[in-house]
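Okay, here's what each chain looks like letter by letter:
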Amino acid sequence: MRKRSVLFAILILFLLLGLLTAYLFGNMKKEMKIFVDTKGKAALSLTLQNALYGHMQKQDGNYVEVAKDTSNRITSIHIHSIPLSQLATEMNLLLLDELGQYESDEFGIPIGNLTSVALLSGKGFLIPVKAVTLGTIASEVHTELTSTGINQTLHKVTIRFAVTVRYLSPLHEVVDTLYFEVLIAETLVVGEVPIYKD
C-alpha cells in the first residue's frame, strides 16, 4: 500500500513537471516573438547600420553626378551604376562578416519572463539567444523622386537591405527579416517658380 502511494506521488510529480515544462515552452514561443520584435531587431539593426555607416565614411567614390547648364540649373542626374553595385557588394560582405561575429552576453531572455508573473519579469538568468543569417543578404539600389514643393523635386539614391535571420535559443527559434537602407546621395532639384499675373 505504501509503495502504491509513493508511486502515485512520483507519477503526480512527473505530471506536474510535464505540465510546467509545457507551460514554459508555450510561453517561450510568445517571449521569443516579443524579444525578436523589440530587443533582437533593435540590437542587430544598430550593429549592422553602424558597420554600414562606418564603411560609407571611408568611401571617397562619387556615385551620382549632377549636370548643370550655363544658368546653373540641373539638367540631368547620372548614377554611376558600376561603382554603386560594387559598393552594394562590399556592404553585403560587410554585413555577413558582422553577423558572423555578432554575439553578446546580454542577448537573451530572462527566465522569469517565461512565468508570466509580473513580479518575476526580467529576473533570473538569461536564456541565450543567438542570431544566425539564413543564406545571403539581399540588397538593391533604389532611386526615388519626390515632389517637395512648387517646382521642387528631391532625388534620393539608397541601397536597401533585407537580412533574413534565425534567432535560436535552446527552447525555441524564430525566423524574421530585417529591412533597412543606407542613403547614398540626395539632390534637391529646384525649378523656376511660375509667376501669375492677372
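Computed from a prediction, not measured in an experiment: that's the story for all the values here.

Asks: I would appreciate a short explanation of the overall build of the chain in the present structure.
Replies: Helix and strand content of the chain: 2 helices and 7 strands. When its helices and strands are written in sequence order, the chain yields α-β-β-α-β-β-β-β-β. Taking 2.2 N^0.38 as the reference for a compact globule, 198 residues should give roughly 16 Å; the C-alpha atoms of the chain span a radius of gyration of 27 Å, well beyond that estimate. With respect to the principal axes defined by its C-alpha atoms, the chain has extents near 105 × 45 × 25 Å.

Asks: What exactly am I supposed to notice about helix H2 (residues 81–101) here?
Replies: Because each turn of an α-helix spans 3.6 residues, side chains separated by three or four positions in sequence point in the same direction. Given a rise of 1.5 Å per residue, 21 residues ought to cover 30 Å, and the 30 Å separating the end C-alpha atoms of H2 matches this to within 8%. Those residues of H2 lying buried are Leu84, Leu87, Ala88, Met91, Asn92, Leu95 and Leu99. Down the axis of H2, the buried set is contained in an arc of 145°. They therefore lie on one face. In this structure, H2 carries Ile82, Leu93, Gly100 and Gln101 as exposed residues pointing more than 90 degrees from its buried face.

Asks: Is there a simple way to explain the pairing of strand S2 (residues 74–79) in this structure?
Replies: Successive side chains on a regular strand alternate, one facing one side of the sheet and the next facing the other. Sheet analysis places strand S1 (residues 64–68) next to S2, joined by 5 bridges and oriented antiparallel. Note that in S2 the partner of Glu65 across the bridge is His78.

Asks: I'm lost on the confidence of the model for the chain in this one. Help?
Replies: Detailed reading of the predicted coordinates is not advisable wherever pLDDT is low. Per-chain confidence: the chain averages 80 in pLDDT, with 93% of residues scoring 70 or above. Of all secondary-structure elements in the chain, the lowest mean pLDDT belongs to helix H1 (residues 2–58), at 79, while strand S6 (residues 152–168) reaches the highest, 86.

Asks: Which parts of the structure should I look at to understand the side chain of Asn92?
Replies: Secondary-structure assignment places Asn92 in helix H2. Aside from chain neighbours lying at most four places away, what touches Asn92 is Ile137, Ser139 and Phe161.

Asks: Teacher, can you tell me more about the pattern of salt bridges here?
Replies: It is possible for side chains of opposite charge to pair when their charged atoms get near one another. Within this structure, the stated rule accounts for 2 salt bridges. Note that Arg160 is salt-bridged to Glu181, the shortest N-O span being 3.0 Å. Residue Arg160 is found in strand S6, and its partner Glu181 is found in strand S7 (residues 173–190); the two are separated by 21 residues along the sequence. For Arg160, a relative accessible area of 32% puts it in the partly exposed group. The salt bridge involving Arg166 is made with Glu173; its shortest N-O contact spans 3.2 Å. We classify Arg166 as partly exposed; its relative accessible area is 29%. Given the relative accessible area of 39%, Glu173 is considered partly exposed.

Asks: I tried to follow the environment of Leu24 on my own but got confused; where do I start?
Replies: Mapping Leu24 onto the fold places it in helix H1. Sequence separation between Leu24 and Glu65 is 41 residues; the distance between their C-alpha atoms is 58 Å.

Asks: How should I be thinking about a nonpolar patch on the surface in this particular structure?
Replies: Together, Val6, Ile10, Leu13, Phe14, Leu17, Leu20 and Tyr23 line one region of the surface with nonpolar side chains, adding up to about 680 Å² of accessible area. Positionally, Tyr23 belongs in helix H1.

Analysis parameters
Residues numbered from 1 in each chain as written. Predicted model: local features only at pLDDT ≥ 70, side-chain atom pairs only at ≥ 80, totals over all residues. Heavy atoms only, no water. Helix = DSSP H or I, 4+ residues; strand = E, 2+ residues; numbered from the N terminus. Rg over C-alpha atoms; globule rule 2.2 N^0.38 Å. Expected span 1.5 Å × (residues − 1). Buried < 20%, exposed > 50% of the residue type's maximum accessible area, 1.4 Å probe, protein only. Arc of directions from axis to C-beta. Pairing = 2+ DSSP bridges. pLDDT = per-residue confidence, 0-100. Contact = heavy atoms within 4.5 Å. Salt bridge = Lys/Arg side-chain N within 4 Å of Asp/Glu carboxyl O. Patch = residues over 30% accessible without salt bridge, like charges linked within 9 Å, V, L, I, M, F, W, Y side chains within 5 Å. Areas by Shrake-Rupley, 256 points an atom, 1.4 Å probe, with all protein chains shown as cover.

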